[in-house]
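Residues per chain, in single letters:
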Amino acid sequence: MPPSFAITELLIVLTAAFCFLKLRKDYPFAAIGISLFGLAALIGVYRFLSGEVDQLASIHKYISQAGALLGLLLITIEIILAQALSAQKPAIKKSGYVIIITSLFFVNIFQSYILPAYIISSLASIILAYRLAGPNKGKKLFYIFLMSIMPLNLILVRNSELLNQVISWHIFHILVAAWIYGIYYMLDTTKPRINSLPK
C-alpha cells in the first residue's frame, strides 16, 4: 500500500477532529463515536508514513472495524436522544451505556462478525435518521442517503473490482470523511433538540 494513502486518511482525521470539537458539548455520544473513526484514521496515517505497513496491518484493521461499529452505535444513540422526550433521555442514556459495554465484549470475542453487525446497525440508523427528519420529505431523503453512505462504501467501494486498489481506497477514505461531516451537519441542524416524538 502506497504512502499516498496517508493523505486521505489525514482528511478523515481532520474532519473527525473538527466535528468532535463542534459536537462535544451538545452531542457527546456522537462526538466520541466520530473520534473513534478519527483514531483509526490516525493510526492509518502513521502506518503509511512510517513504512510499517505490514507490521501495523492487524491493529489498524481491528481498530478500524471495532471503532467503526462502536462509533456508529454511539452516533445512533445520539440520533435516538435527539428524538426523545426529556423524561425519556436518562433511560436511553443508561441503555446506551449498556449497549456500548456489551459491544466492547462483542468486538473482542466475535471479531469475524463485526462487519455484519455494522451493516445491521447501519440499517437501524437509516430508519432512525428517517424519523429524525420529521415531516420534511427532502430531509428524509437526504438523511436516508447520508446514513446509507457507509454501508454502501464498505460493500461497493472499498474492494471494488471496477477500480484499482489505490483509487478505491482513496475514494473510500473521502466518503468516510464526507459521511462524518454529514453526521455533524445532521445533528447540528437538529438543534435545539425536539421535545416531542415524530409521528
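Here the structure is a predicted model, which is why all the values come from computation and not from measurement.

Reading the values: the criteria
Residues numbered from 1 in each chain as written. Predicted model: local features only at pLDDT ≥ 70, side-chain atom pairs only at ≥ 80, totals over all residues. Heavy atoms only, no water. pLDDT = per-residue confidence, 0-100. Helix = DSSP H or I, 4+ residues; strand = E, 2+ residues; numbered from the N terminus. Contact = heavy atoms within 4.5 Å. Axes fitted to C-alpha atoms, helices over the stretch in contact; angles between N-to-C directions. Parallel < 35°, antiparallel > 145°, perpendicular 65-115°, else oblique. Nonpolar A, V, L, I, M, F, W, Y, C, P; charged D, E, K, R; others polar. Expected span 1.5 Å × (residues − 1). Polar contact = N/O pair within 3.5 Å; in protein donor to acceptor, adjacent residues only side chain to side chain. Phe/Tyr/Trp six-rings, centres within 6.5 Å; stacked < 30°, edge-to-face > 60°. Buried < 20%, exposed > 50% of the residue type's maximum accessible area, 1.4 Å probe, protein only. Lys NZ or Arg CZ within 6 Å of the ring centre and 35° of its normal.

Right, let's talk about the confidence of the model for the protein for a bit. Per-residue confidence for the protein averages 89 on the pLDDT scale, and 95% of its residues sit at or above 70. Across the protein, element-level confidence peaks in helix H1 (residues 5-23) with a mean pLDDT of 96 and bottoms out in helix H4 (residues 89-109) with 87. Low pLDDT, under 50, characterises residues 194-199; the stretch is placed with 13 contacts to residues that sit more than four places away or in other chains.

Another aspect to go through is the packing of helix H2 (residues 28-50) against helix H7 (residues 165-188). Closest axis-to-axis distance for the H2/H7 pair is 11 Å, and the angle between their directions is 175°. Comparing their axes, H7 and H2 come out roughly antiparallel. Together, Ala30, Ile34 and Phe37 of H2 and Val176, Trp179, Ile180, Ile183 and Leu187 of H7 make up the contact between the two elements. Looking at the contact of H2 with H7 residue by residue, the class counts come to 8 nonpolar, no polar and no charged.

Below, the discussion takes up H7. With 24 residues, H7 should cover 34 Å at 1.5 Å per step; its first-to-last C-alpha distance of 35 Å lies within 8% of that length. For H7, the capping residue at the N-terminal end is Asn164, with a side-chain oxygen 3.1 Å from the backbone nitrogen of Val166.

One pass over the full model with this rule turns up 11 aromatic pairs. A ring pair is formed by Trp169 and Phe172, whose centres lie 5.4 Å apart and whose planes are at 70°; its orientation type is edge-to-face. Of the two residues, Trp169 and Phe172 both sit in helix H7, 3 residues apart, roughly one turn of that helix. Trp169 gets classed as buried once you look at its relative accessible area, which sits at 19%. With a relative accessible area of 10%, Phe172 lands in the buried category. A centroid spacing of 5.4 Å and a plane angle of 65° characterise the contact between Tyr181 and Tyr184, whose relative ring orientation is edge-to-face. Taken as a pair, Tyr181 and Tyr184 lie in helix H7 at a separation of 3 residues, close to a single helical turn. By relative accessible area, Tyr181 is classed as partly exposed at 41%. Taken together, the ring pairs connect Phe18, Tyr181 and Tyr184 into an aromatic cluster. Positioned above the aromatic ring of Tyr130, the side-chain terminus of Lys140 is 4.0 Å from the ring centre.

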